[in-house]
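The primary structure of each chain is shown beneath.
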Amino acid sequence: NINFTTNQAAFDATNRTISIGGNWGNTATTTYTLTGSTIIFNGSTNPQTITNTSAITFNNISFSGSQTKTFSNNAITVNGNFDITGANVTWGGATTITLNGNWLNTGGTGVFNPSTGTVLLNGGAQQIGASTFYNLTCGGTASTTKTLTGNISLNNAMVINANITLDVSASNYSIDVTGNWTNNGAFTPRNGTVSFIGASTSAITSGTGSGPATGFN
């Protein structure tokens with residue numbers, strides 16, 4: 001376990017790779033320097049909890065091992081990649097993961113349990129691996145594209161911000177949406193399928209461009 005329990009704690013993991021088989025917790029104000037680092041939660045013996053009493057910024061964060069990894073209900077920022085390949089990761093509540101790198105799930109072997117949280121894609125060109133999200137917002141650097149690398153599901157809403165493109169890729173991955181679809185940018189459907197599967201009416205807002213970028217296959 002790694003636990004930070006005093007206001008004077010300072011944790012510098014610059015350019016380091018740290019594997020944690022137990023829990024991560026900070027119960028007071030802690031100074032983190034995680035530039036260039038990779039934090040790996042790889043517990044296989046007991047379930048792992050990642051607790052932070054305030055927002056924290058990681059660089060790369062990845063998960064492995066057979067036990068569930070559960071976050072507390074506090075926002076995080078990830079400047080690198082968020083890799084759930086082969087793991088079972090549970091988000092803690094209605095807060096946000098702000099991701100500047102890629103959302104990775106190689107072969108679709110990982111499971112993400114989103115609770116009522118939001119994943120905000122806030123970088124440049126980004127990849128989105130197979131996962132179930134609650135809310136997914138495609139934002140970040142203008143005139144960039146977020147590209148699917150697997151099928152995704154939304155338990156609530158999809159939002160594409162202005163000047164952002166969401167592309168299902170040449171593999172024609174599918175998107176299932178339970179709630180609303182708000183496209184203020186562009187959508188490239190190719191031959192993929194968007195299915196609205198909610199029990200209630202979904203509001204569908206088109207993009208501001210023209211042609212297939214605003215619509216569906």
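Below: a short report on this structure. (Residues numbered from 1 in each chain as written. Predicted model: local features only at pLDDT ≥ 70, side-chain atom pairs only at ≥ 80, totals over all residues. Heavy atoms only, no water.)

Observations regarding the overall build of the protein
Right, so step 1: On a plain count of helices and strands, the protein comes out with zero helices and 29 strands.
Right, so step 2: When the backbone C-alpha atoms are referred to their principal axes, the protein occupies close to 55 × 30 × 30 Å.
Right, so step 3: Residues classed as buried in the protein amount to 44% of the 217 residues present.
Right, so step 4: Considering only contacts in the protein between residues 6 or more positions apart, those separated by 24 or more positions represent 20%.
Right, so step 5: Summed over its atoms, the accessible surface of the protein is roughly 9200 Å², and 44% of this surface lies on carbon and sulfur atoms. (Helix = DSSP H or I, 4+ residues; strand = E, 2+ residues; numbered from the N terminus. Buried < 20%, exposed > 50% of the residue type's maximum accessible area, 1.4 Å probe, protein only. Contact = heavy atoms within 4.5 Å. Areas by Shrake-Rupley, 256 points an atom, 1.4 Å probe, with all protein chains shown as cover.)

Re the nonpolar core
Right, so step 1: Among the nonpolar cores identified, the biggest contains 45 residues, and Trp24, Phe82, Met158, Leu166 and Ile175 are the most heavily contacted of them.
Right, so step 2: With residues up to four places along the chain from it excluded, the contact list for Phe82 reads Ile61, Phe63, Phe71, Ile76, Ile97, Leu99, Asn102, Trp103 and Leu104. (Core = buried A, V, L, I, M, F, W, Y, C linked by side-chain atoms within 4.5 Å.)

Comments concerning the pairing of strand β14 (residues 96–99)
Right, so step 1: Inspection of the sheet shows strand β11 (residues 76–78) paired to β14 by three bridges, in the parallel sense. What sits directly across from Ile76, in β14, is Ile97. (Pairing = 2+ DSSP bridges.)

Some details on the sheet that holds strand β22 (residues 152–154)
Right, so step 1: On the basis of which strands lie adjacent, the open sheet formed by four strands has the order β19-β22-β25-β28 and parallel pairing. Both outer strands of the open sheet, β19 (131–133) and β28 (194–196), are each paired with one neighbouring strand and no more. The average angle at which neighbouring strand axes cross in this sheet is 15°, direction not considered.
Right, so step 2: Where β22 lies against strand β25 (residues 175–177), three bridges are found, and the strand directions are parallel. If you follow Ile152 over to β25, its bridge partner there is Ile175. (Axes fitted to C-alpha atoms, helices over the stretch in contact; angles between N-to-C directions.)

Points about the sheet that holds β11
Right, so step 1: In space, the eight strands of this open sheet follow the order β8-β11-β14-β17-β20-β23-β26-β29, with parallel pairing throughout. The open sheet has two edge strands with one neighbour each: β8 (56–58) and β29 (204–205).
Right, so step 2: Of the strand pairs in this sheet, strand β26 (residues 181–183) and β29 are connected by two bridges, and their pairing is parallel. Bridging across to β29, Thr182 finds its partner in Thr205.

Notes on the packing of aromatic side chains
Aromatic ring pairs are reported here in terms of the distance separating the ring centres and the angle at which the planes meet.
Right, so step 1: Under the counting rule described, the total for this entry stands at 17 aromatic pairs.
Right, so step 2: Considering the side-chain rings of Phe63 and Phe71, the 6.0 Å spacing of their centres and the 75° angle between planes classify their relative orientation as edge-to-face.
Right, so step 3: On the basis of relative accessible area, Phe63 is assigned to the buried category, the value being 3%.
Right, so step 4: We classify Phe71 as buried; its relative accessible area is 2%.
Right, so step 5: Ring geometry for Phe82 versus Phe112: centroids 6.4 Å apart, planes at 85°, classification edge-to-face. Here Phe112 lies in strand β16 (residues 111–113) and Phe82 lies in strand β12 (residues 82–83), a separation of 30 residues in the sequence. No difference in accessibility class separates Phe82 from Phe112, as the two residues are buried.
Right, so step 6: Clustering of aromatic rings is evident, with ring pairs tying together Phe11, Trp24, Tyr32, Phe41, Phe58, Phe63, Phe71, Phe82, Trp91, Trp103, Phe112 and Phe133. (Phe/Tyr/Trp six-rings, centres within 6.5 Å; stacked < 30°, edge-to-face > 60°.)

Some details on the environment of Asp12
Right, so step 1: Topologically, Asp12 is positioned in strand β2 (residues 10–12).
Right, so step 2: Note on Asp12: relative accessible area 57%, which makes it exposed.
Right, so step 3: Here the alpha-carbon distance between Asp12 and Thr116, two residues 104 residues apart in the chain, equals 31 Å.
Right, so step 4: In terms of polar contacts, Asp12 uses its side chain to reach the side chain of Thr14, at 2.6 Å. (Polar contact = N/O pair within 3.5 Å; in protein donor to acceptor, adjacent residues only side chain to side chain.)

So, unusual backbone geometry
Right, so step 1: Although it is not a glycine, Ser115 adopts a positive phi angle of roughly 50°.
Right, so step 2: Counting through the fold element by element, Ser115 comes out in the loop between β16 and β17 (118–121).
Right, so step 3: Positive phi outside glycine occurs at Asn163, with the angle close to 65°.

Thoughts on the environment of Gly65
Right, so step 1: Residue placement: Gly65 occurs in the loop between β9 (60–63) and β10 (69–71).
Right, so step 2: Taking the C-alpha atoms as reference points, Gly65 and Asn46, separated by 19 residues in sequence, lie 9.8 Å from one another.
Right, so step 3: Setting aside anything within four residues of it in sequence, one finds Gly65 in contact with Asn42, Gly43, Ser44, Gly86 and Ala87.

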